[in-house]
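# Tertiary structure, described
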Amino acid sequence: MSGYRLIALDMDGTLLDEDKKISAENKAAIQQATEEGFIVMMSTGRGVISALPFVRELGLNTPMVMVNGSEVWSSPDTLLQRTHLDIAIVEKLHQLALEQDCWWWAYSEEGVFNREKEELDLREQKWLKFGFFTENEAKLERIRDIVTRWDNTEITNSHPANLEMNPKGVSKASGIAAVCKLLGISMSEVIAVGDSENDMAMIREAGLGVAMGNAQERVKAMADFVTKTNEESGVAHVIREYMLKK
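Residues numbered from 1 in each chain as written. Predicted model: local features only at pLDDT ≥ 70, side-chain atom pairs only at ≥ 80, totals over all residues. Heavy atoms only, no water.

## Things to note about the environment of E118
Within the fold, E118 resides in the loop between β7 (111-114) and β8 (127-133). Along the chain, E118 and L98 lie 20 residues apart, while their C-alpha atoms are 9.9 Å from each other. Not counting chain neighbours up to four residues away, the residues in contact with E118 comprise H94, L98 and W104. Looking at E118, its side chain comes within polar contact range of the side chain of H94, at 2.7 Å. (Helix = DSSP H or I, 4+ residues; strand = E, 2+ residues; numbered from the N terminus. Contact = heavy atoms within 4.5 Å. Polar contact = N/O pair within 3.5 Å; in protein donor to acceptor, adjacent residues only side chain to side chain.)

## Some thoughts on the side chain of K129
Counting through the fold element by element, K129 comes out in strand β8. A polar contact is formed between the side chain of K129 and the backbone oxygen of G45, at a distance of 2.9 Å. Leave out the neighbours within four places in its chain, and K129 touches G45, V67, N68, L85, W105, A106, Y107, E164, M165 and N166.

## Observations regarding helix α8 (residues 234-244)
Across the eleven residues that make up α8, a large majority, eight, are buried. Elements in contact with the buried residues of α8: β1 (6-9), α1 (24-35), β11 (190-194), β12 (208-211) and β13 (225-226). (Buried < 20%, exposed > 50% of the residue type's maximum accessible area, 1.4 Å probe, protein only.)

## Remarks on a negative patch on the surface
A surface patch of negative charge is lined by E18, D19, E231 and E232. Note on placement: D19 falls in the loop between β1 and α1. (Patch = residues over 30% accessible without salt bridge, like charges linked within 9 Å, V, L, I, M, F, W, Y side chains within 5 Å. Areas by Shrake-Rupley, 256 points an atom, 1.4 Å probe, with all protein chains shown as cover. Salt bridge = Lys/Arg side-chain N within 4 Å of Asp/Glu carboxyl O. Lys, Arg positive; Asp, Glu negative; His and termini not counted. Charge placed at Lys NZ, Arg CZ, Asp CG, Glu CD.)

Laid out in C-alpha coordinates, this is it:
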(Lines give C-alpha, C1' and ligand atoms only; values in the text may rest on other atoms or scores of the structure.)
Protein backbone atom coordinates (compact mmCIF):
# COMPACT_ATOMS: atom_id res chain seq x y z
CA MET A 1 0.00 0.00 0.00
CA SER A 2 1.23 3.51 -0.82
CA GLY A 3 2.53 5.68 2.01
CA TYR A 4 0.91 8.70 0.39
CA ARG A 5 -2.47 9.93 1.56
CA LEU A 6 -2.98 13.20 -0.33
CA ILE A 7 -2.23 14.42 -3.84
CA ALA A 8 -2.13 18.17 -4.49
CA LEU A 9 -2.67 19.12 -8.11
CA ASP A 10 -1.85 22.29 -9.95
CA MET A 11 -4.50 23.03 -12.56
CA ASP A 12 -3.27 24.90 -15.66
CA GLY A 13 -0.59 22.91 -17.47
CA THR A 14 -1.08 20.00 -15.06
CA LEU A 15 -4.61 18.69 -14.43
CA LEU A 16 -6.03 20.60 -17.41
CA ASP A 17 -5.04 19.99 -21.01
CA GLU A 18 -4.30 22.82 -23.43
CA ASP A 19 -8.05 23.24 -24.07
CA LYS A 20 -8.58 23.75 -20.30
CA LYS A 21 -10.38 20.42 -20.02
CA ILE A 22 -9.98 17.47 -17.61
CA SER A 23 -9.33 14.32 -19.62
CA ALA A 24 -11.50 11.25 -19.10
CA GLU A 25 -8.36 9.39 -17.99
CA ASN A 26 -7.50 11.98 -15.32
CA LYS A 27 -11.11 12.05 -14.15
CA ALA A 28 -11.28 8.26 -13.82
CA ALA A 29 -8.01 8.07 -11.87
CA ILE A 30 -9.10 10.84 -9.50
CA GLN A 31 -12.45 9.15 -8.95
CA GLN A 32 -10.76 5.82 -8.19
CA ALA A 33 -8.27 7.43 -5.80
CA THR A 34 -11.11 9.19 -3.98
CA GLU A 35 -13.09 5.96 -3.72
CA GLU A 36 -10.05 4.23 -2.22
CA GLY A 37 -9.79 6.88 0.50
CA PHE A 38 -7.07 9.13 -0.87
CA ILE A 39 -7.46 12.91 -0.65
CA VAL A 40 -7.31 14.68 -4.02
CA MET A 41 -7.10 18.48 -3.79
CA MET A 42 -6.39 21.46 -6.01
CA SER A 43 -3.38 23.71 -5.40
CA THR A 44 -3.51 26.47 -7.98
CA GLY A 45 -2.67 30.05 -8.80
CA ARG A 46 -6.30 30.52 -9.81
CA GLY A 47 -8.87 32.19 -7.63
CA VAL A 48 -11.73 30.20 -6.22
CA ILE A 49 -14.30 31.48 -8.75
CA SER A 50 -12.40 30.10 -11.76
CA ALA A 51 -11.26 26.91 -9.98
CA LEU A 52 -14.62 25.82 -8.55
CA PRO A 53 -16.26 24.61 -11.78
CA PHE A 54 -13.48 22.02 -12.15
CA VAL A 55 -13.67 21.02 -8.48
CA ARG A 56 -17.44 20.52 -8.89
CA GLU A 57 -16.92 18.60 -12.13
CA LEU A 58 -14.73 16.14 -10.22
CA GLY A 59 -17.21 15.96 -7.33
CA LEU A 60 -14.52 16.91 -4.81
CA ASN A 61 -15.32 18.24 -1.34
CA THR A 62 -11.70 18.41 -0.21
CA PRO A 63 -9.51 21.33 0.93
CA MET A 64 -8.18 23.74 -1.69
CA VAL A 65 -5.12 25.96 -1.94
CA MET A 66 -5.94 28.97 -4.11
CA VAL A 67 -4.08 32.03 -5.46
CA ASN A 68 -0.67 30.33 -4.89
CA GLY A 69 -1.44 29.88 -1.19
CA SER A 70 -2.90 33.29 -0.35
CA GLU A 71 -6.18 31.47 0.32
CA VAL A 72 -6.61 28.06 1.95
CA TRP A 73 -10.07 26.51 1.97
CA SER A 74 -10.95 23.62 4.29
CA SER A 75 -13.67 22.68 1.75
CA PRO A 76 -14.99 24.32 -1.42
CA ASP A 77 -17.46 26.28 0.71
CA THR A 78 -15.36 27.12 3.78
CA LEU A 79 -12.41 29.53 3.93
CA LEU A 80 -9.73 28.47 6.40
CA GLN A 81 -7.25 31.33 6.06
CA ARG A 82 -6.40 34.25 3.81
CA THR A 83 -3.19 36.29 3.57
CA HIS A 84 -3.20 39.74 2.00
CA LEU A 85 -0.51 41.67 0.17
CA ASP A 86 0.31 44.92 1.93
CA ILE A 87 -1.34 47.77 0.04
CA ALA A 88 1.94 49.72 -0.11
CA ILE A 89 3.54 46.78 -1.94
CA VAL A 90 0.61 46.55 -4.37
CA GLU A 91 0.94 50.26 -5.13
CA LYS A 92 4.68 49.86 -5.81
CA LEU A 93 4.06 46.86 -8.07
CA HIS A 94 1.35 48.75 -9.94
CA GLN A 95 3.63 51.76 -10.37
CA LEU A 96 6.37 49.47 -11.68
CA ALA A 97 3.97 48.01 -14.25
CA LEU A 98 3.17 51.53 -15.47
CA GLU A 99 6.85 52.54 -15.58
CA GLN A 100 7.78 49.42 -17.56
CA ASP A 101 4.68 49.63 -19.77
CA CYS A 102 3.79 46.06 -18.83
CA TRP A 103 0.44 44.25 -18.70
CA TRP A 104 -0.56 43.62 -15.11
CA TRP A 105 -3.32 41.72 -13.36
CA ALA A 106 -4.10 41.16 -9.71
CA TYR A 107 -6.37 39.07 -7.51
CA SER A 108 -8.32 40.68 -4.70
CA GLU A 109 -10.98 39.15 -2.47
CA GLU A 110 -13.54 40.42 -4.97
CA GLY A 111 -12.01 39.01 -8.16
CA VAL A 112 -9.43 39.67 -10.86
CA PHE A 113 -8.50 43.16 -12.06
CA ASN A 114 -6.05 44.20 -14.77
CA ARG A 115 -4.60 47.04 -16.82
CA GLU A 116 -8.03 47.76 -18.29
CA LYS A 117 -9.15 48.92 -14.83
CA GLU A 118 -6.67 51.75 -14.30
CA GLU A 119 -9.40 53.91 -12.75
CA LEU A 120 -9.62 51.40 -9.89
CA ASP A 121 -8.84 52.68 -6.39
CA LEU A 122 -6.27 50.12 -5.26
CA ARG A 123 -6.90 50.97 -1.61
CA GLU A 124 -10.52 49.90 -1.80
CA GLN A 125 -9.53 46.25 -2.36
CA LYS A 126 -7.88 43.57 -0.23
CA TRP A 127 -5.19 42.10 -2.49
CA LEU A 128 -3.97 38.49 -2.65
CA LYS A 129 -1.61 38.34 -5.65
CA PHE A 130 -0.12 40.69 -8.25
CA GLY A 131 1.07 39.59 -11.69
CA PHE A 132 2.97 40.90 -14.70
CA PHE A 133 2.77 39.55 -18.26
CA THR A 134 5.06 40.30 -21.19
CA GLU A 135 6.68 38.24 -23.93
CA ASN A 136 9.64 40.64 -23.80
CA GLU A 137 12.12 38.52 -21.82
CA ALA A 138 14.46 41.42 -21.05
CA LYS A 139 11.60 43.44 -19.59
CA LEU A 140 10.41 40.49 -17.51
CA GLU A 141 13.93 39.94 -16.11
CA ARG A 142 14.25 43.65 -15.35
CA ILE A 143 11.00 43.55 -13.36
CA ARG A 144 12.10 40.38 -11.56
CA ASP A 145 15.44 41.98 -10.61
CA ILE A 146 13.78 45.12 -9.25
CA VAL A 147 11.17 43.25 -7.19
CA THR A 148 13.79 40.76 -5.95
CA ARG A 149 15.80 43.67 -4.53
CA TRP A 150 12.74 44.88 -2.64
CA ASP A 151 12.65 41.48 -0.89
CA ASN A 152 9.05 41.83 0.30
CA THR A 153 7.18 39.22 -1.77
CA GLU A 154 7.42 35.64 -3.03
CA ILE A 155 8.21 35.82 -6.76
CA THR A 156 7.18 32.93 -9.02
CA ASN A 157 5.54 32.37 -12.39
CA SER A 158 2.75 30.24 -13.77
CA HIS A 159 3.97 30.63 -17.38
CA PRO A 160 7.37 31.60 -18.85
CA ALA A 161 5.95 34.98 -19.90
CA ASN A 162 4.62 36.06 -16.52
CA LEU A 163 5.66 36.86 -12.95
CA GLU A 164 3.46 36.45 -9.86
CA MET A 165 3.94 38.10 -6.48
CA ASN A 166 2.43 36.75 -3.27
CA PRO A 167 2.92 37.86 0.34
CA LYS A 168 6.33 36.93 1.76
CA GLY A 169 6.26 33.39 3.12
CA VAL A 170 3.11 32.45 1.21
CA SER A 171 3.29 29.65 -1.35
CA LYS A 172 1.43 26.55 -2.42
CA ALA A 173 3.69 24.71 0.05
CA SER A 174 2.60 26.89 2.98
CA GLY A 175 -1.01 26.33 1.93
CA ILE A 176 -0.60 22.57 1.78
CA ALA A 177 1.15 22.62 5.18
CA ALA A 178 -1.95 24.33 6.62
CA VAL A 179 -4.13 21.62 5.05
CA CYS A 180 -1.89 18.89 6.49
CA LYS A 181 -2.22 20.43 9.95
CA LEU A 182 -6.00 20.54 9.51
CA LEU A 183 -6.13 16.87 8.43
CA GLY A 184 -3.53 15.60 10.89
CA ILE A 185 -1.13 14.31 8.25
CA SER A 186 2.49 15.19 7.39
CA MET A 187 4.03 16.66 4.25
CA SER A 188 5.84 13.34 3.77
CA GLU A 189 2.43 11.80 2.99
CA VAL A 190 1.77 14.33 0.19
CA ILE A 191 2.33 14.04 -3.56
CA ALA A 192 2.53 17.46 -5.26
CA VAL A 193 2.24 17.79 -9.04
CA GLY A 194 2.91 20.90 -11.12
CA ASP A 195 4.61 22.51 -14.10
CA SER A 196 5.71 26.06 -13.20
CA GLU A 197 7.75 28.11 -10.73
CA ASN A 198 4.73 28.59 -8.48
CA ASP A 199 4.71 24.80 -8.00
CA MET A 200 8.37 24.52 -6.99
CA ALA A 201 7.90 25.08 -3.26
CA MET A 202 5.25 22.37 -2.94
CA ILE A 203 7.21 19.98 -5.19
CA ARG A 204 10.29 20.52 -3.00
CA GLU A 205 8.49 20.10 0.33
CA ALA A 206 6.12 17.24 -0.50
CA GLY A 207 6.97 13.62 0.19
CA LEU A 208 6.93 13.11 -3.58
CA GLY A 209 7.43 16.09 -5.85
CA VAL A 210 6.31 15.52 -9.43
CA ALA A 211 6.92 17.68 -12.48
CA MET A 212 4.78 17.37 -15.58
CA GLY A 213 6.43 16.30 -18.84
CA ASN A 214 5.59 19.78 -20.15
CA ALA A 215 7.00 21.55 -17.05
CA GLN A 216 9.55 24.34 -17.18
CA GLU A 217 13.05 22.85 -17.17
CA ARG A 218 14.02 24.16 -13.74
CA VAL A 219 10.89 22.53 -12.28
CA LYS A 220 11.80 19.19 -13.86
CA ALA A 221 15.36 19.50 -12.54
CA MET A 222 14.27 19.66 -8.89
CA ALA A 223 11.40 17.14 -8.98
CA ASP A 224 11.61 13.58 -7.68
CA PHE A 225 9.76 12.28 -10.73
CA VAL A 226 8.76 13.59 -14.14
CA THR A 227 5.42 12.26 -15.38
CA LYS A 228 3.78 12.49 -18.81
CA THR A 229 2.54 15.81 -20.19
CA ASN A 230 -0.82 17.45 -19.51
CA GLU A 231 -1.87 16.36 -23.01
CA GLU A 232 -1.07 12.74 -22.07
CA SER A 233 -3.02 12.64 -18.77
CA GLY A 234 0.17 12.83 -16.71
CA VAL A 235 -1.85 13.25 -13.50
CA ALA A 236 -3.56 9.88 -14.02
CA HIS A 237 -0.15 8.31 -14.56
CA VAL A 238 1.09 9.61 -11.18
CA ILE A 239 -2.04 8.47 -9.35
CA ARG A 240 -1.87 4.98 -10.83
CA GLU A 241 1.87 4.66 -10.24
CA TYR A 242 2.12 6.01 -6.68
CA MET A 243 -1.32 5.62 -5.11
CA LEU A 244 -3.35 2.86 -6.75
CA LYS A 245 -0.62 0.25 -7.13
CA LYS A 246 -0.91 -2.20 -4.25
